[in-house]
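For reference, the chains in residue letters:
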Amino acid sequence: MDARAAARLRTVLGHLGRLEPRDVVAHPTSGTVSPTSFHPQQFQFTLDNSILSLEQRQFYEENGYLVIKNLVSDEDIQRFRDEFGKICRKEVKLDRLVIMKDVSISKLQLAPSEKVVTKIQDFQEDPELFRYCTLPQILKYVECFTGPNIMAMHTMLINKPPDTGKKTSRHPLHQDLHYFPCGPSNLIVCAWTAMEHIDRNNGCLVVLPGTHKGSLKPHDYPKWEGGVNKMYHGIQDYDENSARVHLVMEKGDTVFFHPLLIHGSGRNKTQGFRKVGIPIAAPIGKDGCVSCSATPYGYDGLKPKNP
Ligand SMILES: CC(C)CC(=O)SCCNC(=O)CCNC(=O)[C@H](O)C(C)(C)COP(=O)(O)OP(=O)(O)OC[C@H]1O[C@@H](n2cnc3c(N)ncnc32)[C@H](O)[C@@H]1OP(=O)(O)O
Ligand SMILES: Nc1ncnc2c1ncn2[C@@H]1O[C@H](COP(=O)(O)OP(=O)(O)OP(=O)(O)O)[C@@H](O)[C@H]1O
Ligand SMILES: O=C(O)CCC(=O)C(=O)O
Ligand SMILES: [Fe+2]
Ligand SMILES: [Mg+2]
C-alpha cells in the first residue's frame, strides 16, 4: 500500500474504532429501535423496522446477505456510467480519488480510457457518483442494518476488465472487515449494485453463505501464478468444501452484505468490462464522528441525524 492509502486506512481505523454500540442506539421517534431491545435472541444482524419482511430478515440473519431486485433505475445507472467515463478519460479530476489498473496492464503506458481503469475508490467528492450513496431506496435498506445515522466509510466503482488469461481479474475470497477492522461489525453493511447483467461469465459476486457468523480470518496475498492486484488480499485457509453461491444479478439489482461475509469474484471471461457500484456504510454515533467528515473515508449526513 502506498503511503497515502496507508494514511487513509489509519485515519478511518482511528476514527471508526471509537464507535461503540451505545453510540448507535437510535432515537425512539425514528421508527427504529436499538438492536438489543426487541428480539435479542432472534435477530442479531438486522434492526427492527418495517422495511424488511420477516423472510428477508431471516434470510440475512442466516446467510449474511440479501439481494433486492431492481433497486436502482436504468437512468441513474446510465448517469453513473457517463460520469465514470469522464473520470477515466480525465475529463473530470478529483484530488482524493484512487484510480486502479489491473496488475496485468499496470506497467503499460496506455491512453486514458475506460479500458485501462479497473476500479476507482473514494469517489465521495464527485457529486454525480456520490448521488448513489444518497439514493433514498439504497438508504432505506442500509438503515435496516446501520440504523438511521448513516455515513459512507468507503466508496468504489469496479470495472472488472476482460481477463487477459492470467486470472488477475479475479477478486480473492475475503472479508471486507479485514480492510476496516472497526465495529460494531453487525451495524456495518456493504451495498453492491449490478450496473449490468452479471453472471459467472463476467465474474459475478461469489459468497459463502453463513460465514458472517464467524470471526475475522487472517488475510494475505494469494499465491497465484499470474499475479495479484495490489491490496487484493484473500483468506488463506477457507474451507474449500464450503458451498460457494454465485449471485446472478440483473442491472439495478443490489446485494447488501455483512462485512464478515466471505466473498469474492471470479475472472471475467467476456470481452466486456463488468461494472458495479459499491458503498460501505456504517452508523455514525449520536455525538457525531465529527472528524470523520473531514477525512476521505468518512462521509456523514446521508440522513438527518437524530438529536
Ligand atoms: C473492502 C474493500 C475496501 C477492499 C479494498 O479494495 S481496500 C483497498 C484500499 N485501497 C487501497 O489501499 C488502494 C491501494 N492503491 C494503491 O496502492 C495505488 O494507489 C494504486 C491503485 C496501485 C496505484 O498507484 P499509483 O502510485 O497511482 O500508480 P503507479 O502506476 O505509479 O503504481 C505504483 C506501483 O504500484 C504498482 N501497481 C500499480 N497497479 C497495481 C496493481 N493493480 N497491482 C499491483 N501493483 C500495482 C505499479 O506497478 C508500481 O510499482 P513499481 O513500478 O513502483 O514497482
Ligand atoms: N483454486 C482457488 N483457490 C482459491 N480461490 C479460488 C480458487 N478458485 C476460485 N477462487 C476464488 O473463488 C471465487 C470464485 O471463483 P470462481 O470459481 O467463481 O471463478 P473462477 O475460478 O475465476 O472462474 P470459473 O467460473 O471458470 O470457475 C473468486 O473469489 C476466486 O478468486
Ligand atoms: O465486485 C467484486 O469483484 C468484489 C469486490 C469486493 O468484494 C471488494 O472490493 O471488496
Ligand atoms: Fe469485498
Ligand atoms: Mg473456478
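Residues numbered from 1 in each chain as written. Chains lettered and ligands numbered in written order. Predicted model: local features only at pLDDT ≥ 70, side-chain atom pairs only at ≥ 80, totals over all residues. Heavy atoms only, no water.

(A) Structural detail: the coordination of the iron ion (ligand 4). For the iron ion (ligand 4), every protein donor is listed as His174 (NE2), Asp176 (OD) and His263 (NE2), and the spread of their distances is 2.1 Å. All donors of the iron ion (ligand 4) belong to a single chain; written as a sequence motif, their spacing is H-x1-D-x86-H. Linking Asp176 in the loop between strand S5 (171–174) and strand S6 (189–194) with His263 in strand S12 (residues 263–265), this pair joins segments that are 87 residues apart in sequence. Per residue, the accessibility class of Asp176 equals that of His263, and both read buried. (Donors = N, O, S within 2.8 Å, 3.2 Å for Na, K, Ca; no water. Helix = DSSP H or I, 4+ residues; strand = E, 2+ residues; numbered from the N terminus. Buried < 20%, exposed > 50% of the residue type's maximum accessible area, 1.4 Å probe, protein only.)

(B) The site of ligand 3, seen in detail. Around ligand 3 sit Met156, Ile158, His171, His174, Asp176, Trp192, Leu205, His263, Ser265, Arg274 and Val276, and those are all the residues in its vicinity. Here Asp176 contributes a side-chain N or O atom positioned 3.2 Å from an oxygen atom of ligand 3. In this structure, an oxygen atom belonging to ligand 3 sits 2.6 Å away from a side-chain N or O atom of Ser265. Starting from 290 Å² of accessible surface for ligand 3 in isolation, the protein chains cover 96%. Class assignment of the residues belonging to the shell around ligand 3 gives a composition of 5 nonpolar, 4 polar and 2 charged. (Near = heavy atom within 4 Å. Polar contact = N/O pair within 3.5 Å; in protein donor to acceptor, adjacent residues only side chain to side chain. Areas by Shrake-Rupley, 256 points an atom, 1.4 Å probe, with all protein chains shown as cover. Nonpolar A, V, L, I, M, F, W, Y, C, P; charged D, E, K, R; others polar.)

(C) Up close: the pairing of strand S13 (residues 274–283). Burial analysis of S13 places 10 of its 10 residues in the buried class, the great majority of the element. With burial as the criterion, each face of S13 is covered, one bearing Arg274, Val276, Ile278, Ile280 and Ala282 and the other bearing Lys275, Gly277, Pro279, Ala281 and Pro283. Pairing analysis gives 10 bridges linking strand S4 (residues 150–160) to S13, with the strands arranged antiparallel. Paired with His154 across the bridge in S13 is Ile280. Examined bridge by bridge, S6 and S13 share 4 bridges and lie antiparallel to one another. Bridge pairing in S13 links Cys190 to Ile280. (Pairing = 2+ DSSP bridges.)

(D) Local environment of the environment of Gln58. Within the secondary structure, Gln58 sits in helix H2 (residues 54–63). A sequence separation of 15 residues divides Gln58 from Phe43, and the C-alpha atoms of the two residues are 7.9 Å apart.

(E) How the structure looks around the packing of helix H3 (residues 74–88) against helix H4 (residues 127–134). Interaxial distance between H3 and H4 falls to 9 Å at its minimum, and their mutual angle equals 140 degrees. Crossing of H3 against H4: the hand is left-handed. Of the residues in H4, those touching H3 at Asp76, Arg79, Phe80, Glu83 and Ile87 are Glu128, Leu129, Arg131 and Tyr132. Across the contact of H3 with H4, the residue classes break down as 4 nonpolar, no polar and 5 charged. (Axes fitted to C-alpha atoms, helices over the stretch in contact; angles between N-to-C directions. Left-handed = near helix turned anticlockwise from the far one by under 90°. Contact = heavy atoms within 4.5 Å.)

(F) Expanded view of the sheet that holds S12. The strand order across the open sheet built from 4 strands is S5-S12-S7-S10, with neighbouring strands paired in antiparallel fashion. Pairing within the sheet leaves two strands with one partner each, and these edge strands are S5 and strand S10 (245–247). Strand-to-strand twist of the sheet, defined as the mean angle between neighbouring strand axes without regard to direction, takes the value 25 degrees. As paired elements, strand S7 (residues 205–207) and S12 share 3 bridges and run antiparallel to each other. Within S12, the position partnered with Val207 by the bridge is His263.

(G) Layout of the site of ligand 2. Around ligand 2 sit 15 residues in total, of which Arg170, His171, Arg200, His246 and Lys269 are the nearest. In this structure, an oxygen atom belonging to ligand 2 sits 2.7 Å away from a side-chain N or O atom of Arg200. Between Arg244 and ligand 2, the recorded distance is 2.9 Å, taken from a side-chain N or O atom to an oxygen atom. In this structure, ligand 2 is accommodated by the second largest pocket. If you list the elements that add at least two residues to the shell around ligand 2, you get S5 and S12. Examining the composition of the shell around ligand 2, we find that 3 residues originate from one element, S5, more than from any other. Its residues assigned to classes, the shell around ligand 2 comprises 5 nonpolar, 5 polar and 5 charged. (1 Å grid on protein atoms, 1.4 Å probe; cavity = no way out; pocket = protein on both sides within 12 Å on 5 of 7 lines; lining within 4 Å. Sits in = over half its atoms within 2 Å of the grid points.)

(H) A look at the layout of surface pockets. Considered as a void within the structure, the second largest pocket measures approximately 540 Å³ in volume. Lining the second largest pocket are 23 residues, and of these Arg170, Leu173, Trp224, Tyr238 and Arg244 sit closest to its centre. Only S5, strand S9 (234–235) and S12 provide two or more residues apiece to the lining of the second largest pocket. Counting residues per element, the lining of the second largest pocket draws most heavily on S5, which supplies 3 residues. Grouping the constituent residues of the lining of the second largest pocket by class yields 8 nonpolar, 8 polar and 7 charged. (Points joined across faces, edges and corners; volume = space filled by probe spheres on them.)

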